[in-house]
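Results of the structural survey
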Amino acid sequence: MKITLKDGSVKEYAEPMSVNDIAFDIAGGLGRAACAGEVDGEVVDLRTTIDKDCTLNILTFNDEEGKAAYRHTTSHVLAEAVKNLYPDAKLAIGPSIDTGFYYDFEHEPFSREDLDKIEAEMKKIIKQGAKLEKFTLPREDAIKYMEDRNEPYKVELIKDLPEGSIISFYSQGEFVDLCAGPHLMSTKGIKAFKLISSSMAYWRGDSNKARLQRIYGTAFDKKDDLNAYLESLEEAKNRDHNKLGREMELFTTVDVIGQGLPLMLPKGTKMLMKLQRWIEDLEDNEWGYTRTKTPLMAKSDLYKISGHWGHYKEGMFVLGDEEKDKEVMALRPMTCPFQYYVYKNSQKSYRDLPCRYSETSTLFRNEDSGEMHGLTRVRQFTITEGHLVVRPDQMVEEFKGCLALAKYCLETLGVEEDVTYHLSKWDPNNTEKYIGSAEVWEETEQHIRDILTELNIDFVEDVGEAAFYGPKVDINAKNVYGKEDTMITIQWDALIAEQFDMYYIDENGEKQRPYIIHRTSMGCYERTLAWLIEKYAGKFPTWMCPEQVRILPISEKYQEYAESVAKELKNHGVDVTVDNRSEKIGYKIREARLDKLPYMLVVGQQEEEDGTVSVRSRFAGDEGVKPLSEFLEQIVKEIQTKEIRQVVQTPEK
C-alpha cells in the first residue's frame, strides 16, 4: 500500500501498519511527538490500522487536532486521579477545550487544596506511564459495564446512542472511561499540565439537572510554554473586569439586591453616560435615526403576537399568573414589539421608508444564576437598540449600513481587531424553534452571506444560533479568559411584519409588507464597559475616562490657582478634579498613576506666575511645562476626536 505524506513523499508498506508505527518509521522524533493522525482528511487515533492507499498527516501538539488529543488524554488522567482520591465521585464528561480541558464530577466542591492533591496524584499516574488501550462493546453490554462500575452519567450517555451501536472505551491501567478518542499512546506522553480552577456546572448545561463540580486545567508539551501560559493567565486575572472594575470603583454588586443586578458607581456611571451621549448623537445626527422611548413592561398579549411568549417565555420575568390573574405582565426582554407600534401609529407610504428607530433600551432577561458574571451577563442591562422598517428593495443597502455603523463604533472604541463575525443560521433539523419556511430562511441567509463576502468581511457560519424569526450577523469578542460573547447583533427579519400586520402603501396604492432589521450599534453598555476594562486594563482612552485630569498643587498656597485651572478646563467640557490634600507632591503623583489617570497637572509658584501647567501623562511621562491654553487645546482636541493615544515612553517611577 502507498501512503502519501504531508510533504508529498510516498511511503510503501507490504503489510497493514498503525498510524503510530508509521510515525516512528518516518522519524523517531516524530513518533515520540505524535498525538493523532489524519487519514484522507479525517482525524484518527494513533492506534488506527491503515491497510490501503491513503494520504496521512501525523498530528503533533503544534496541530489543533493533536493538541486536543493531548489535552483530552490529560483530562482522563484527571478523572483517574479524582477516582483514586475520591472513589465515590461520579464521572460525567471531560473534553478538551481551546484553553486546555475540563472534567465534570458529581462530588462536593473542590478547594484549591483539593486541586493540589489531585495534581500530585496525576503526576504519579503520568510517571507510571500506563498505556491507553482502546476496546469496544455492544451498546447493551456497554450499559451493563458502566452500571456495574456505578457510573450513572456514563450510562445515560450510552443510552442516548442508537440501538445496535458499538461503544468505544479507553483504559489506562485499572481506570476505564467511555470515550471515542483519539488519545496519546500512554500517560507518559504528558509533559506539563496545571489544574487552574473549579466551579459548579449543570449536567448537560441544563439548570433543571444535577449540579456537578467542574475542574478546569491546561496542558502543554513543553514546560516553558505552560509557564508562559500561566503568566498570561495571571495577567488576565489582573485585567478581569470583575476584579479590576470593582477595584477602580466602577461598579459593585450587593447580595440583598440580587445576582446579575450590578450597581454602577459614580465613575462607572460617568463612563456609561459618555458612551450613551456619543451613540445617541451619532445615530440621530449622522445616521438618520429617530429616537423613541417605550415602556419597560407590557401585557403578555404583546409577546404572544410577536412569538416571544411561545419561544422565549422561560427567559422573561413574568408578573402574574395566567391561571389566576386577569392581566399578566412581563418585563421586556427586547424592544422590537414596542417600536412596531410606533411605526403603526401612522400610515406609511413607500416614500417614508426606511424608518430607522433607535432607543437606549433597558431590558430584562431571567438568566440562570450559574451563567451570570460581572457585567458581561446580567439580568438587567441597557443596549443601543434599533429597528429599521424598510422596503424589500432597500434591505441589502440598509443591512450594509448597519454593518458600517457597527464597524465605525468598533473602530472608535479601538476594538475592531478583536472581533470575529458570525453568520448565525437556523437549524433545519429543529424547525419547531423557528417561524417561516425553509425557502425564506435559505434566501435570507444567502443574502447575508453575499453581503459579508462583498464587503470582504471574514466570517464563520453557526448552525442553530439564529433568532426564531431570522438569521443574523453576530459580532463576537473573547474576554481575557478566552470565552466568547456576542457584542453586536444585526438581524434580518422577513417574517415578523406579517404577525403585527405592518404594511406600507406602495406606488400603486397597494398594501405591502416591509422587512425589518433588528440591530445594535455598539451593543450592550454593560458588556461593552466590561470589554473596555479588559482591553485597556483600566487605562482608557482619554475621552472615555470618568476623570480625565487631576490638578496637583504643590502646596496650599497654590490651591486657588489650581481651582482656576480646573474651572477653565470644566468650561471646555473636561472632567477634572483638584487634589487639595495636605500630602507631598510625590505621593499625589503616585496615587494619580495608580488611579490610571490620563493626565495630571502639577502647579506651583512658577506655573501660577506664568499661567502655565506642568503636564504629566501616562502616555509620555513628563511632558514638560506648557501654557494652559496649549494644554487645553490639546486635550479638547483629543477628547473631541476620540483619539486613542499610544504610550510613547514608560513614565518615570
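Refer to the structure printed above.
Residues numbered from 1 in each chain as written. Predicted model: local features only at pLDDT ≥ 70, side-chain atom pairs only at ≥ 80, totals over all residues. Heavy atoms only, no water.

1. Re the overall build of the protein
A tally of helices and strands in the protein yields 20 helices and 35 strands. Taken along the three principal axes of its C-alpha coordinates, the protein extends 90 × 75 × 60 Å. Residue burial in the protein is summarised as follows: out of 653 residues, 50% are buried. When contacts within the protein are restricted to residue pairs at least 6 apart in sequence, long-range pairs at least 24 apart make up 68% of them. Of the accessible surface of the protein, which amounts to about 31400 Å², a share of 47% is contributed by carbon and sulfur atoms. Averaging the locations of the 86 positively and 116 negatively charged side chains of the protein gives two centres separated by 4 Å. (Helix = DSSP H or I, 4+ residues; strand = E, 2+ residues; numbered from the N terminus. Buried < 20%, exposed > 50% of the residue type's maximum accessible area, 1.4 Å probe, protein only. Contact = heavy atoms within 4.5 Å. Areas by Shrake-Rupley, 256 points an atom, 1.4 Å probe, with all protein chains shown as cover. Lys, Arg positive; Asp, Glu negative; His and termini not counted. Charge placed at Lys NZ, Arg CZ, Asp CG, Glu CD.)

2. Observations concerning the packing of aromatic side chains
Considering all chains together, one arrives at 22 aromatic pairs under this definition. On the basis of an interplanar angle of 75° and a centroid distance of 4.9 Å, the ring pair of F61 and Y70 is categorised as edge-to-face. A relative accessible area of 6% means that F61 is categorised as buried. Where Y340 meets F500, the ring centres are 4.9 Å apart and the plane angle is 70°; that geometry is what we call edge-to-face. Pair noted here: Y340 is in helix 12 (residues 336-344) and F500 is in the loop between helix 15 (496-499) and strand 28 (504-505), with a separation of 160 residues, a long-range link. Side by side, Y340 and F500 carry an identical accessibility label, which is buried. Here the aromatic cluster, defined as three or more aromatic residues joined through ring pairs, consists of F61, Y70, F220 and Y229. The lysine or arginine in question, R214, covers the ring of Y102, its NZ or CZ lying 3.8 Å from the ring centre. It is K348 that lies over the ring of Y343; its NZ or CZ is 4.7 Å from the centre. (Phe/Tyr/Trp six-rings, centres within 6.5 Å; stacked < 30°, edge-to-face > 60°. Lys NZ or Arg CZ within 6 Å of the ring centre and 35° of its normal.)

3. Concerning a nonpolar patch on the surface
Residues V256, I257 and L263 make up a contiguous nonpolar surface patch of about 280 Å² in total accessible area. Mapped onto the fold, L263 is located in strand 17 (residues 263-264). (Patch = residues over 30% accessible without salt bridge, like charges linked within 9 Å, V, L, I, M, F, W, Y side chains within 5 Å. Salt bridge = Lys/Arg side-chain N within 4 Å of Asp/Glu carboxyl O.)

4. Describing the sheet that holds strand 32 (residues 576-578)
Overall, mixed pairing links the 5 strands, which are arranged 32-31-33-34-35 in an open sheet. Of all the strands in the sheet, the pair left with one neighbour each is strand 32 and strand 35 (621-627). Neighbour-to-neighbour, the strand axes of the sheet open up by a mean angle of 25°, direction not taken into account. Across 5 bridges, strand 31 (residues 549-553) lies against strand 33 (residues 599-603) in parallel orientation. Directly across from R550, in strand 33, lies its bridge partner M600. (Pairing = 2+ DSSP bridges. Axes fitted to C-alpha atoms, helices over the stretch in contact; angles between N-to-C directions.)

5. Considerations on the pairing of strand 10 (residues 100-106)
The buried fraction of strand 10 amounts to 6 of the 7 residues, a majority that puts the element mostly inside the structure. When strand 9 (residues 96-97) meets strand 10, the two strands line up antiparallel, connected through 2 bridges. From the neighbouring strand, I97 faces strand 10, where its bridge partner is G100. From the end of strand 9 to the start of strand 10, which pair antiparallel, there are 2 residues.

6. A closer look at the side chain of T520
Position of T520 relative to the elements: it lies in strand 30 (residues 515-524). Accessibility expressed as a relative area gives 11% for T520, which makes it buried. Each residue touching T520, except ones within four places of it in the same chain, is listed here: I383, T384, E385, M487, I488 and T489.

7. Thoughts on the pattern of salt bridges
Enumeration according to the criterion identifies 43 salt bridges in this entry. K67 serves as the salt-bridge partner of E64, at 3.5 Å between the closest nitrogen and oxygen. Of the two residues, E64 and K67 both sit in helix 3 (residues 64-85), 3 residues apart, roughly one turn of that helix. Of the residues examined, E64 reaches a relative accessible area of 56% and is grouped as exposed. Where E247 meets K243, a salt bridge forms, and the shortest distance between an N and an O atom there is 3.0 Å. Here E247 pairs with K243, and both are found in helix 8 (residues 241-247), just 4 residues apart, close to one helical turn. When salt bridges that share partners are traced, they join E280, E283, D284, R291 and R519 into one network.

8. Regarding the packing of helix 5 (residues 139-148) against helix 6 (residues 152-159)
Their axes nearest at 8 Å, the elements helix 5 and helix 6 cross at an angle of 170°. One finds that helix 5 runs roughly antiparallel with respect to helix 6. Only K154, V155, I158 and K159 of helix 6 make contact with helix 5, whose side of the interface consists of R139, A142, I143, M146 and E147. Each residue belonging to the contact of helix 5 with helix 6 can be placed in one class, and the counts come to 5 nonpolar, no polar and 4 charged. (Parallel < 35°, antiparallel > 145°, perpendicular 65-115°, else oblique. Nonpolar A, V, L, I, M, F, W, Y, C, P; charged D, E, K, R; others polar.)

9. Details of the side chain of T444
Tracing the backbone shows T444 in helix 14 (residues 438-454). Side-chain polar atoms of T444 contact the backbone oxygen of W441, separated by 3.1 Å. (Polar contact = N/O pair within 3.5 Å; in protein donor to acceptor, adjacent residues only side chain to side chain.)

10. Here we look at the nonpolar core
If you look at the biggest cluster of nonpolar residues, it comprises 72 residues, and the most contacted ones within it are F540, V549, I551 and L569. In terms of residue count, helix 13 (residues 395-413) provides more of this core than any other element does, 9 residues in total. Discounting chain neighbours no more than four positions away, the residues touching F540 are M248, L250, M271, L532, I533, C545 and R618. In this structure, C35, A36, F175 and Y229 belong to the second largest nonpolar core, which totals 35 residues. (Core = buried A, V, L, I, M, F, W, Y, C linked by side-chain atoms within 4.5 Å.)

11. Looking at the sheet that holds strand 7 (residues 54-59)
With mixed pairing, 5 strands are arranged side by side in an open sheet as 2-1-7-4-5. Because the sheet does not close on itself, it has two edges, and the strands there are strand 2 (10-12) and strand 5 (42-44). Averaged over all pairs of adjacent strands, the angle between strand axes in this sheet comes to 35°, irrespective of strand direction. Bridge count between strand 4 (residues 36-39) and strand 7: 4 bridges; the pairing is antiparallel. Paired with A36 across the strands is L59, a residue of strand 7. Taken strand by strand, helix 1 (residues 19-26) contacts strand 1 (2-5), strand 2, strand 4, strand 5 and strand 7, and its axis lies near 75° from that of strand 7.

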